Amino acid sequence: MESITTSSYAVHFNGNAFLQLKDYLGEHTYSKVFVLVDENTKEHCLPVFEKTMANAFPFDLIEIKAGEVHKNIEACTHVWQALSALDADRKSLLINLGGGVVTDLGGFVASTYKRGIDFINIPTTLLSMVDASVGGKTGVDLGSLKNQIGVINQPKMVLVSTVFLETLEDRQMRSGFAEMLKHGLIQDTSYWKALKSLSNLDTVGEDIYTSVSIKNKVVLEDPTEQHLRKILNFGHTLGHAVESYFLENDDKETLLHGEAIAVGMVLEAYLSNKLTGLPTEDLEDIKTSFLKWYPKVDFTSSDITAILSMLKFDKKNSHGNINFVLLESIGNPVIDVKIPNDLYEGAFAYYKD
């Protein structure tokens, strides 16, 4: 499988990925190499990485706690202090081996430690392979508010190996699958149709290349999210608010990113039907397809009020406006749409119906 070239680095796939890493480390003289893992990837993915690399280079291991709840500045401080204690200098390399929390946080740590050291991402979840592998977005949450602190900075390379998918439970696979479905909705009708028709996710690894290609095409045209790149946020304005609300409430079961974004895409499809001409047939198709994979989330009226109050923290807002990405039709998005307040209640009612 050919590598995908971004603006400043390459995404390498499967067997070629680790050969590229060995070659890269042979060509670059780093003072020290560090590998960042969380509790889960230390147990399930680090042995695969070590076996594949066959002691190709020495490294120091740094571990953080697993889960979105630990994607915060405190965890960054832990990693910064570990790097300092292990004598990392500006010529060191940080390899982030893990899901989106590890790659987002690790990229941010590397971008800020001693004003920036090199880093390489090895995403180990389906979500991080199709989402965090391209674009250079790094960062952490501010309390329960998603990705409020961060920078856009590119890794030296990204290695995507589907062997790591064998370590994932079904729920984690479905979480990543939501972002793949989004790629179809915003850019490729035939891709949407192919994915929604799947009966299981056993072969979805073969579609990772397509999703990475779609995201890369968008990011290449708009690296700093001034215009086109905003389409990647479809489902995320309400979806992130849902995710944050369930994250901060102990009496609610925490939703995985993809589960919350799936809700957001149904809600925003409804808004698209009302505001930007998304045909009712497409709206029904979107709702049916997502409910096939993602159990319906129960929302009380007080939940909805609290979720809507979180919209003001969305990163895409400007000049006091909440900006949505909606669809004219499947494959044709519209950016910077303002939503009348009286439509939100109808969106949640449609989702719950």
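Cut-offs and rules
- Residues numbered from 1 in each chain as written.
- Predicted model: local features only at pLDDT ≥ 70, side-chain atom pairs only at ≥ 80, totals over all residues.
- Heavy atoms only, no water.
- Helix = DSSP H or I, 4+ residues; strand = E, 2+ residues; numbered from the N terminus.
- Rg over C-alpha atoms; globule rule 2.2 N^0.38 Å.
- Buried < 20%, exposed > 50% of the residue type's maximum accessible area, 1.4 Å probe, protein only.
- Contact = heavy atoms within 4.5 Å.
- Expected span 1.5 Å × (residues − 1).
- Arc of directions from axis to C-beta.
- Polar contact = N/O pair within 3.5 Å; in protein donor to acceptor, adjacent residues only side chain to side chain.
- Pairing = 2+ DSSP bridges.
- Core = buried A, V, L, I, M, F, W, Y, C linked by side-chain atoms within 4.5 Å.
- Salt bridge = Lys/Arg side-chain N within 4 Å of Asp/Glu carboxyl O.
- Patch = residues over 30% accessible without salt bridge, like charges linked within 9 Å, V, L, I, M, F, W, Y side chains within 5 Å.
- Areas by Shrake-Rupley, 256 points an atom, 1.4 Å probe, with all protein chains shown as cover.
- Lys, Arg positive; Asp, Glu negative; His and termini not counted.
- Charge placed at Lys NZ, Arg CZ, Asp CG, Glu CD.
- Axes fitted to C-alpha atoms, helices over the stretch in contact; angles between N-to-C directions.
- Left-handed = near helix turned anticlockwise from the far one by under 90°.
- Nonpolar A, V, L, I, M, F, W, Y, C, P; charged D, E, K, R; others polar.

*Asks:* Even after reading the chapter, I still don't get the overall build of the chain, so can you show me in this structure?
*Replies:* Scanning the chain from terminus to terminus reveals 14 helices and eleven strands. A globule of 353 residues ought to have a C-alpha radius of gyration of about 20 Å, and the chain, at 20 Å, matches this closely. Overall, the chain is about 60 × 40 × 35 Å in size when its C-alpha atoms are taken along their principal axes. By residue count, 55% of the 353 residues in the chain fall in the buried class. For the chain, contacts bridging at least 24 residues in sequence account for 77% of all contacts bridging at least 6.

*Asks:* Help me understand helix H4 (residues 73-85), please; the structure alone is not making it clear to me.
*Replies:* The periodicity of an α-helix, 3.6 residues per turn, causes residues three or four places apart in sequence to face the same way. Over its 13 residues, H4 extends 18 Å from the first C-alpha to the last, a length consistent with the 18 Å expected when each residue adds 1.5 Å. Taken together, the buried positions of H4 are Ala75, Cys76, Val79, Ala82 and Leu83. Angularly, the buried residues of H4 cover 125 degrees about the axis, an arc narrow enough to put them on a single face. Exposed side of H4, more than 90 degrees from the buried face: Glu74, Gln81 and Ala85 are the residues found there. The elements touched by buried residues of H4 are strand S3 (33-38), strand S4 (60-64), helix H5 (100-112) and strand S7 (140-142). Here H4 starts with a cap whose side-chain oxygen sits 3.3 Å from the backbone nitrogen of Glu74, and that cap is Asn72. In the segment just after H4, Asp87 is the residue with positive phi, at about 65 degrees.

*Asks:* Explanation requested: the pairing of strand S5 (residues 93-98) in the structure shown.
*Replies:* If a strand is regular, its side chains alternate between the two faces of the sheet. For S5, the buried fraction is high: six of the six residues fall into the buried class. The alternating pattern of S5 places Leu93, Ile95 and Leu97 on one face and Leu94, Asn96 and Gly98 on the opposite face, and all of these are buried. Pairing of S3 with S5 involves four bridges; the strand directions are parallel. Each bridged residue has a counterpart across the sheet, and for Val35 the counterpart in S5 is Ile95.

*Asks:* I keep staring at the nonpolar core and nothing clicks. Help me out?
*Replies:* Counting 98 residues, the largest nonpolar core has Leu21, Phe49, Ile122, Phe177, Leu271, Phe290 and Phe299 as its most contacted members. With ten residues, helix H11 (residues 257-275) is the single largest residue contributor to this core. Among residues more than four places away in sequence, those in contact with Phe299 are Val242, Phe246, Val263, Ile304, Ile307, Phe348, Tyr351 and Lys352.

*Asks:* What is the right way to read the pairing of strand S9 (residues 157-160) from this model?
*Replies:* Across the two faces of S9 the burial is the same, with Met157 and Leu159 and Val158 and Val160 all buried. Relative to S9, strand S2 (residues 10-13) is paired through four bridges, and the arrangement is parallel. Residue pairing across strands places Val11 opposite Val158, the latter belonging to S9.

*Asks:* Could you clarify how one ought to interpret the pattern of salt bridges in this entry?
*Replies:* Pairs may arise between side chains of opposite charge once their charged atoms sit close together. Scanning the model with the defined rule gives 15 salt bridges in all. Asp104 is the partner of Lys71 in a salt bridge, and the nearest nitrogen-oxygen pair spans 2.8 Å. On the criterion of sequence distance, the pair formed by Lys71 in the loop between S4 and H4 and Asp104 in helix H5 is long-range, its members being 33 residues apart. Salt bridges sharing common partners tie together Glu68, Lys146 and Glu243.

*Asks:* When you look at a positive patch on the surface in this model, what are you seeing that I'm missing?
*Replies:* A cluster of basic residues, Arg90, Lys91, Lys114 and Arg115, forms a positive patch on the protein surface. Note on placement: Arg115 falls in the loop between H5 and strand S6 (118-123). Arg115 sits in the exposed class, given a relative accessible area of 78%.

*Asks:* Which parts of the structure should I look at to understand the packing of helix H7 (residues 170-187) against H11?
*Replies:* If you want to describe how two helices pack, look at the angle between their axes and the distance between the axes. Packing of H7 against H11 brings their axes to within 7 Å, and their N-to-C directions diverge by 35 degrees. For the pair H7 and H11, the crossing hand works out as left-handed. On H11, the residues that touch Arg171, Ser175, Ala178, Glu179, Lys182 and Leu185 of H7 are His257, Gly258, Glu259, Ile261 and Met265. Of the residues in the contact of H7 with H11, the class split is four nonpolar, three polar and four charged.

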